[in-house]
Amino acid sequence: MINVENLTKRFGENTVLNHINFQVKKGEVVVIIGPSGSGKSTLLRSLNLLETLDEGKITINNYTVEAGKTSYKKAYELRQQTAMVFQHYNLFRNKTALQNVTQSLISNKRSSRKEAKKIGEDLLKSVGLIDQKDQYPATLSGGQQQRVSIARALAVQPKAILLDEPTSALDPELVKEVLLTIENLAKMETTLVIVTHEMKFARKVADRIIFMVNGKIVEEGIPEEIFVHPKEERTKAFLVESIPEIMDDFII
């Protein structure tokens, strides 16, 4: 579903992504972890071309863009393959929850308002927010707003959903409801690429973990390999720092 080759991104003289290579299979849940500043969010934004590529190539669902060789049409086609869920929701403040979900269906997919409303209501029901469909973002909790943004992402039927720290802006008591919504997506075999600091959630939901440091992939594998049999000392140190009790799980 997703193939990344030699992806490099620089901001001035700072190389934020340094020759990144990885793949995501259809229906796979890939979780990207690592310390702050390791390039995780930049990698996710690059997949949706919110960041321009300095080097490398990205293919999603057989649509390919290559640094320095991409037309507007190709970039547009690639963007249509994914939907993004941001840290801070990015909802339209002057639109209701339902209108936020149906906006892209009407403007981009050319759905009728009746059809868009039916899809939007079904999606809000699936994330437990049908009773809030006519409320505006300002009247919703952070967790509810993030669930609306997930419903909005699902509305355009993307081939993959990219979630950038979906719980980082939430109060602790609201995190659980959003993580449960994402878990339900994973059970539906939705292709997901998730950047998160929630290590226990990553271990539970991921098919594969990618650990990044300083713009490079240090280690990747299934959760058991990363959380129980980490090969790299840098991975082990990060996990101990993030969840100290994990030392009890390590098999060395």
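Residues numbered from 1 in each chain as written. Predicted model: local features only at pLDDT ≥ 70, side-chain atom pairs only at ≥ 80, totals over all residues. Heavy atoms only, no water.

Describe unusual backbone geometry, naming the residues involved and giving the relevant values.
The backbone of Leu49 shows a phi angle near 60°, a positive value even though the residue is not glycine. With respect to the secondary-structure elements, Leu49 resides in the loop between helix H1 (40–47) and strand S4 (55–60). Residue classification places Leu49 among the buried residues on the basis of a relative accessible area of 12%. (Helix = DSSP H or I, 4+ residues; strand = E, 2+ residues; numbered from the N terminus. Buried < 20%, exposed > 50% of the residue type's maximum accessible area, 1.4 Å probe, protein only.)

Any details on the pattern of salt bridges? Residues and values, ideally.
This model, assessed by the stated rule, comprises 11 salt bridges. The partner of Lys69 in a salt bridge is Glu66, with the nearest N and O atoms 3.9 Å apart. Among the ionic contacts, a cluster of salt bridges with common partners joins Glu28, Arg208 and Glu220. (Salt bridge = Lys/Arg side-chain N within 4 Å of Asp/Glu carboxyl O.)

Can you explain H1? Please cite residues and give values.
Across the eight residues that make up H1, a large majority, six, are buried. Regarding H1, the residues found buried are Lys40, Thr42, Leu43, Leu44, Ser46 and Leu47. Positioned one or two residues after H1, Leu49 has a phi angle of 60°, which is positive.

Could you give an account of the sheet that holds strand S3 (residues 29–33), naming the residues involved and the relevant values?
Within a sheet, adjacent strands bond to each other through the backbone by hydrogen bonds, running parallel or antiparallel. In space, the six strands of this open sheet follow the order S6-S7-S8-S3-S9-S10, with mixed pairing throughout. Each edge of the open sheet carries a strand with a single partner, namely strand S6 (82–85) and strand S10 (216–221). Going from strand to strand, the sheet's axes swing by 20° on average, the running direction of each strand aside. Bridge count for strand S7 (residues 160–164) against strand S8 (residues 192–195) is four bridges, and the pairing is parallel. Within the sheet, the bridge partner assigned to Leu162 lies in S8 and is Val193. (Pairing = 2+ DSSP bridges. Axes fitted to C-alpha atoms, helices over the stretch in contact; angles between N-to-C directions.)

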